[in-house]
Amino acid sequence: MGEYHPPPLPSPFNNTSPPPTLLTQGAEAHLYKTTSLDPSIPAALKIRPSKPYRHPTLDRRLTRQRIIQEARCLAKLVREGVSVPALLAIDWAGHGGEEGGWGGAWLMMEWIEGSVVRVVLEKWEAWMKDQTLDAASVEKEEKRVRGLLRQMGAAIGVLHKAGVVHGDLTTSNLMLRPFGTEVVEDDGNPSMEGDVVLIDFGLASQSSQDEDRAVDLYVLERAIGSTHPRSEPMFEELILGYRNSYKGAVSALKRLEDVRMRGRKRSMLG
Ligand SMILES: Nc1ncnc2c1ncn2[C@@H]1O[C@H](COP(=O)(O)OP(=O)(O)O)[C@@H](O)[C@H]1O
Ligand SMILES: [Mg+2]
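All of the points below concern the structure found in this document. (Residues numbered from 1 in each chain as written. Chains lettered and ligands numbered in written order. Predicted model: local features only at pLDDT ≥ 70, side-chain atom pairs only at ≥ 80, totals over all residues. Heavy atoms only, no water.)

Next up on the list: the coordination of the magnesium ion (ligand 2). Those donors, N173 (OD1) and D200 (OD), are the protein atoms that reach the magnesium ion (ligand 2), and they lie 2.2 Å from it. Here N173 is found in the loop between β7 (164-165) and β8 (174-177), whereas its partner D200 is found in the loop between β9 (195-198) and β10 (205-206), with 27 residues between them in sequence. (Donors = N, O, S within 2.8 Å, 3.2 Å for Na, K, Ca; no water. Helix = DSSP H or I, 4+ residues; strand = E, 2+ residues; numbered from the N terminus.)

If you check the shell around ligand 1, you find 16 residues, and the closest are K46, E110, I112, N173 and D200. Measuring from an oxygen atom of ligand 1, one finds a side-chain N or O atom of K46 at 2.8 Å. Take I112: an N or O atom from its main chain is 2.9 Å from a nitrogen atom of ligand 1. Protein chains shield 83% of the accessible area of ligand 1, which is 550 Å² for the free molecule. Because more than half of its atoms lie within 2 Å of the grid, ligand 1 is assigned to the largest pocket. Contributions of two or more residues to the shell around ligand 1 are made by β3 (38-48) and β5 (105-110). Classifying every residue of the shell around ligand 1 by side-chain character gives nine nonpolar, four polar and three charged. Composition of the shell around ligand 1 by domain shows at least three residues from each of domain 1 (13-110) and domain 2 (115-269). (Near = heavy atom within 4 Å. Polar contact = N/O pair within 3.5 Å; in protein donor to acceptor, adjacent residues only side chain to side chain. Areas by Shrake-Rupley, 256 points an atom, 1.4 Å probe, with all protein chains shown as cover. 1 Å grid on protein atoms, 1.4 Å probe; cavity = no way out; pocket = protein on both sides within 12 Å on 5 of 7 lines; lining within 4 Å. Sits in = over half its atoms within 2 Å of the grid points. Nonpolar A, V, L, I, M, F, W, Y, C, P; charged D, E, K, R; others polar. Domains from an automatic or database assignment.)

What follows covers the nonpolar core. In terms of nonpolar packing, the biggest core is built from 52 residues, with L77, L148, M152, L198, F201, L220 and Y242 touching the most fellow members. Top contributing element to this core by residue count: helix α3 (residues 135-161), with seven residues. Core analysis: the second largest hydrophobic core is formed by eight residues, F13, Y32, L45 and M108 among them. (Core = buried A, V, L, I, M, F, W, Y, C linked by side-chain atoms within 4.5 Å. Buried < 20%, exposed > 50% of the residue type's maximum accessible area, 1.4 Å probe, protein only.)

On to the layout of surface pockets, then. It is the rolling of a water-molecule-sized probe over the atoms that shows where space remains empty. Roughly 770 Å³ of internal volume is contained in the largest pocket. Together, 30 residues line the largest pocket, and T24, L31, S172, N173 and I199 are the ones closest to its centre. Put simply, the parts of the chain that give the lining of the largest pocket at least two residues each are β1 (21-25), β3, α1 (56-79), β5, β6 (115-116) and α2 (117-129). Considering every element that reaches the lining of the largest pocket, the biggest residue donor is β3, with three residues. In the lining of the largest pocket, the residues fall into 13 nonpolar, seven polar and ten charged. Formed jointly, the lining of the largest pocket draws a minimum of three residues from each of two domains, domain 1 (13-110) and domain 2 (115-269). (Points joined across faces, edges and corners; volume = space filled by probe spheres on them.)

Before going further, it helps to examine the pattern of salt bridges. Summed over all chains, the structure comprises 17 salt bridges. The salt bridge involving K46 is made with D200; its shortest N-O contact spans 2.9 Å. You can see K46 sitting in strand β3 and its partner D200 sitting in the loop between β9 and β10, a full 154 residues away along the chain. Residue K46 is classed as buried on the basis of its relative accessible area, which comes to 7%. Between R262 and E211 there is a salt bridge whose closest N-O contact spans 2.5 Å. (Salt bridge = Lys/Arg side-chain N within 4 Å of Asp/Glu carboxyl O.)

In helix packing, the relevant descriptors are the interaxial angle and the interaxial distance, both defined with respect to the helix axes. Between α2 and α3, the least distance of the axes is 12 Å, while the angle of their chain directions is 170 degrees. Taken as axis vectors, α2 and α3 run roughly antiparallel relative to one another. Contact residues: α2 offers V117, V120, L121, W124, W127 and M128, while α3 offers V138, E141, E142, R144, V145, L148 and M152. Split by residue class, the contact of α2 with α3 holds ten nonpolar, no polar and three charged. (Axes fitted to C-alpha atoms, helices over the stretch in contact; angles between N-to-C directions. Parallel < 35°, antiparallel > 145°, perpendicular 65-115°, else oblique. Contact = heavy atoms within 4.5 Å.)

The strand order across the open sheet formed by five strands is β1-β2-β3-β5-β4, and the pairing between neighbours is antiparallel. Sheet topology places β1 and β4 (87-91) at the edges, where each strand pairs with a single neighbour. On average, adjacent strands in this sheet sit at an angle of 25 degrees to one another, irrespective of strand direction. Two elements, β3 and β5, share six bridges in a ladder whose sense is antiparallel. Each residue of the ladder has a partner; that of I47, found in β5, is W106. Of the strands in this sheet, β3, β4 and β5 are in contact with α1, which crosses β5 at around 20 degrees. (Pairing = 2+ DSSP bridges.)

The following block contains the structure:
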């Protein structure tokens, strides 16, 4: 297979210096690190390229809808004081590009320093595997992870309280932003000090239903179970953080029991 070439960047990002750097390319979006106005202010650029295999009119409409939906969500959540990147700019009309328009759409948001929780937990689990620790040290280590999980639960609770469900909660869509300008460790054991920031609202929706909230938590529980086996037994700590973060949490958690039960039945039926 040849080297992957992302589609050309829309204007004005095709002539900034230095050019934006591509961080990730999912099925739907490409994520770049760039700068906003002042070259010293980093920003994250999320681009939804047009899909050449879709009918152009339909494609434009879908791409536009998704980016606007995500931008609205971010704007609302920032207003409500939920921990998410601030929205800086958006082009939903696909202006950037040559004549005839470019078809895609993008949004620019505040750059969040730090790593996604997936990386933090993966590093920690790898580090733990190489250690021979006495019981007290293991407990001390697990306490750090519990603290992180508790904060994740609290952040999700605040999101739900604001009337939004995420729709795609995984440890790749939660970031840990270190406090201040902390110097990085490390002997391979990552710091877990910082604020949890929620990202990626491409599948989010407005809802205050227990069912939707419970499914959000269940999806994350399953994701942690499959990617972070050593951390999974501590998921209860996330539930605790969630429970204490808003009043409606108790009934959402009650619903989570049902959602889990349905999940178990489904997997038994194969
Ligand atoms: N505001 C941001 N600041 C820093 N990194 C980000 C930001 N938004 C996204 N990222 C990084 O880019 C990745 C992909 O972004 P995301 O919004 O999750 O898109 P996708 O829909 O492709 O999953 C994230 O997992 C994270 O590593
Ligand atoms: Mg994502």
